[in-house]
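Spelled out, the chains give:
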Amino acid sequence: MPGYLTISTTSPPDRDLYSVINFWAPRVMQNITGNFTIDTKLVGAFNASIQSGGILVWQDQNNFLRLERACRDGYQEILFIGTINGVFSVLWSSPETSNPGMIIKVSNINTIYLMLTRIGMTYSGYYSTNGLDWDFLANITMETPYSLMGGLYLVNRGPPEFSSTASAVSFDYFRISPAKVLPATIIVPDIYPTIQAAINAASAGDTIYVRNGTYYENVVVNKTISLIGENKNTTVVDRNIGIVLHEKHPMR
Amino acid sequence: MISNFTFMNGEYGIYVDSADHVQVRDNNVINCAIGGGYWVAGIAVYSSRNVVISDNLVLGQKPYNAATSGIFLTENSDNCLVDSNNVSYFDSGIYLFSYSDSNIISNNIVSYNHHNNLAGGYAFNNTYFGNTEYGASLYGICFQGYDQYIGNNRFYHNNLARALSGWQILPGNGNIWDNGYPSGGNYWSDYQTRYSNATEIDGSDIWNTSYVIDANNTDRYPLMKPWTGHDVAITSVAPSKTVITEGDSMV
């Protein structure tokens, strides 16, 4: 595929980035310092579990972040996962497995865009289908040094649990630029299933857009955000103790 | 900003707690203030400044829950704008309390609340204009009076209707009930039954006889017709200077 960086694994694969398995995933890495934004265009879908590829930020085996497209349990999805101080955690996962109500589905999309920004100790993951409109996924705090590694990778876990097929992923570009803060619009329930989850994930200045539906939750806003419903008659917060805004954090 | 939602069946609809510059616009708050109790409200503002509450529909429960308010500003909630809301079925419609001062309450329709439609307690220098209140069970307006405090709340261009109990208003202490002449005062639904001999002042749509609320409270320029204009709430003014030099002219 001319003009693309393709990373591939042969069969049987057994290439992972996971402390329980191994760290043998093929990757292309370089040094990065200070604050930065990495973005890439990823072409092609995975067709077997567990295969994934995307952006890797790497300090060491106990501290790294993966923002990726994946095929897991037969589903296509976007994952933002990390190992922080040796503890693995899913920072954000799209929809089809764990949150069937969420709307982002990548099954039928061949090309996706991923963006990962570091500002200080805060890492923010974004996803896009066109490279222009970015959906904010999650923030995570990871205490990393000024200098670390960033790059692209391919995971293909393989037998005995998973597929033994070969795999490949193509990246149209890999770009490191000065950190940029996107004024994020977080859509409920597409990105987060509840209003409160979206607020918890939001940063000052963000807008949370809530689609029509009835949300049975108590909502506390403690940061400067905008909270906008799709339609005031059909975007309903029911049985709430109340929208509570507090702690001297002004709303926009 | 919080906008474009329906909040329902909550102890509060929206509770702004110690947050400045919040805007609550264009929401429905339905069947909230459940359980009742002091401070429970459709929209409550606690110790916050420069809050804008506008274009909300705020409906309580039928029958009303005791001690609830539709919109409740308390504990030094100052310089807020409460504009163009529609508030019904609470114990109190719009209630300013506990040193919530210098707020503008404008262009609201407040109806069918139990104890009162518009209320104030230890609230000063607030301005009420363009509001329409009717259908209260006990009081259209209830401002608690305290001998040592001068309310200095100003009411003008409001449409004030007889409460179901008969005309009842508790005017408080030291409030102002008109905006001078020719701007005028308020429209009082029982004016003509009380002052059947009054006439108009020079085509001004203002009666020539003051509406006396009690010995210390008078609307000097009561309106002959219900107020239908839409006063603009000016919340800030940026002064500018126009310099006209010799040879220029103003067009």
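Residues numbered from 1 in each chain as written. Chains lettered and ligands numbered in written order. Predicted model: local features only at pLDDT ≥ 70, side-chain atom pairs only at ≥ 80, totals over all residues.

For chain A, the domain assignment lists domain 1 (5-177) and domain 2 (185-245). The gap between the C-alpha centroids of domain 1 of chain A and domain 2 of chain A is 27 Å. (Domains from an automatic or database assignment.)

A cis amide bond links Val188 of chain A with the next residue in sequence, Pro189 of chain A, at an omega value of 5°. By secondary structure assignment, the location of Pro189 of chain A is in the loop between strand S13 (185-188) and helix H2 (195-201). In this model, Tyr181 of chain B is joined to Pro182 of chain B through a cis peptide bond whose omega is 10°. By the secondary structure assignment, Pro182 of chain B is in the loop between strand S21 (169-171) and strand S22 (187-188). For Asn79 of chain B, which is not a glycine, the phi torsion comes out positive at approximately 55°. If you trace the backbone, Asn79 of chain B turns up in the loop between strand S9 (69-74) and strand S10 (81-83). (Helix = DSSP H or I, 4+ residues; strand = E, 2+ residues; numbered from the N terminus.)

Another aspect to go through is the sheet that holds S22 of chain B. The sheet built from 10 strands is open, its strands ordered S15(A)-S18(A)-S2(B)-S5(B)-S8(B)-S11(B)-S14(B)-S17(B)-S20(B)-S22(B) with parallel pairing. If you trace the sheet from one side to the other, it starts and ends with strand S15 (213-216) of chain A together with S22 of chain B, each paired once. In this structure, strand S5 (residues 28-30) of chain B lies alongside strand S8 (residues 57-59) of chain B, joined through three bridges in parallel fashion. Following the sheet pairing, Ile30 of chain B is matched in S8 of chain B by Leu59 of chain B. (Pairing = 2+ DSSP bridges.)

The nonpolar side chains of soluble globular proteins are, as a tendency, buried together. All names here are of chain A. One finds Ile186, Ala198 and Ile208 to be the most contacted residues of the largest nonpolar core, which totals 122 residues. Each of domain 1 (5-177) and domain 2 (185-245) gives at least three residues to this core. In this structure Ile208 touches Ile186, Val188, Ile195, Ala198, Ile199, Ala202, Ile225 and Leu227, once residues within four positions along its chain are discounted. (Core = buried A, V, L, I, M, F, W, Y, C linked by C-beta atoms within 7 Å. Buried ≥ 20, exposed ≤ 12 C-beta atoms within 10 Å, placed from the backbone. Contact = placed C-beta atoms within 7 Å.)

A separate point is the environment of Phe64 of chain A. Residue and element names in this part refer to chain A. Mapped onto the fold, Phe64 is located in strand S5 (residues 63-72). Each C-alpha atom, one on Phe64 and one on Trp92, is 15 Å from the other, the two residues being 28 residues apart in sequence. Dropping the residues within four chain positions of it, Phe64 is found in contact with Leu56, Val57, Trp58, Gln59, Gly82 and Thr83.

Turning our attention to the sheet that holds strand S12 (residues 167-177) of chain A. All names here are of chain A. Overall, antiparallel pairing links the six strands, which are arranged S1-S12-S3-S8-S9-S10 in an open sheet. Each edge of the open sheet is held by one strand with a lone partner, namely strand S1 (5-9) and strand S10 (135-141). Neighbouring strand axes in the sheet, compared pairwise and without regard to direction, differ in orientation by 25° on average. Pairing of strand S9 (residues 122-128) with S10 involves six bridges; the strand directions are antiparallel. Note that in S10 the partner of Gly125 across the bridge is Ala138. (Axes fitted to C-alpha atoms, helices over the stretch in contact; angles between N-to-C directions.)

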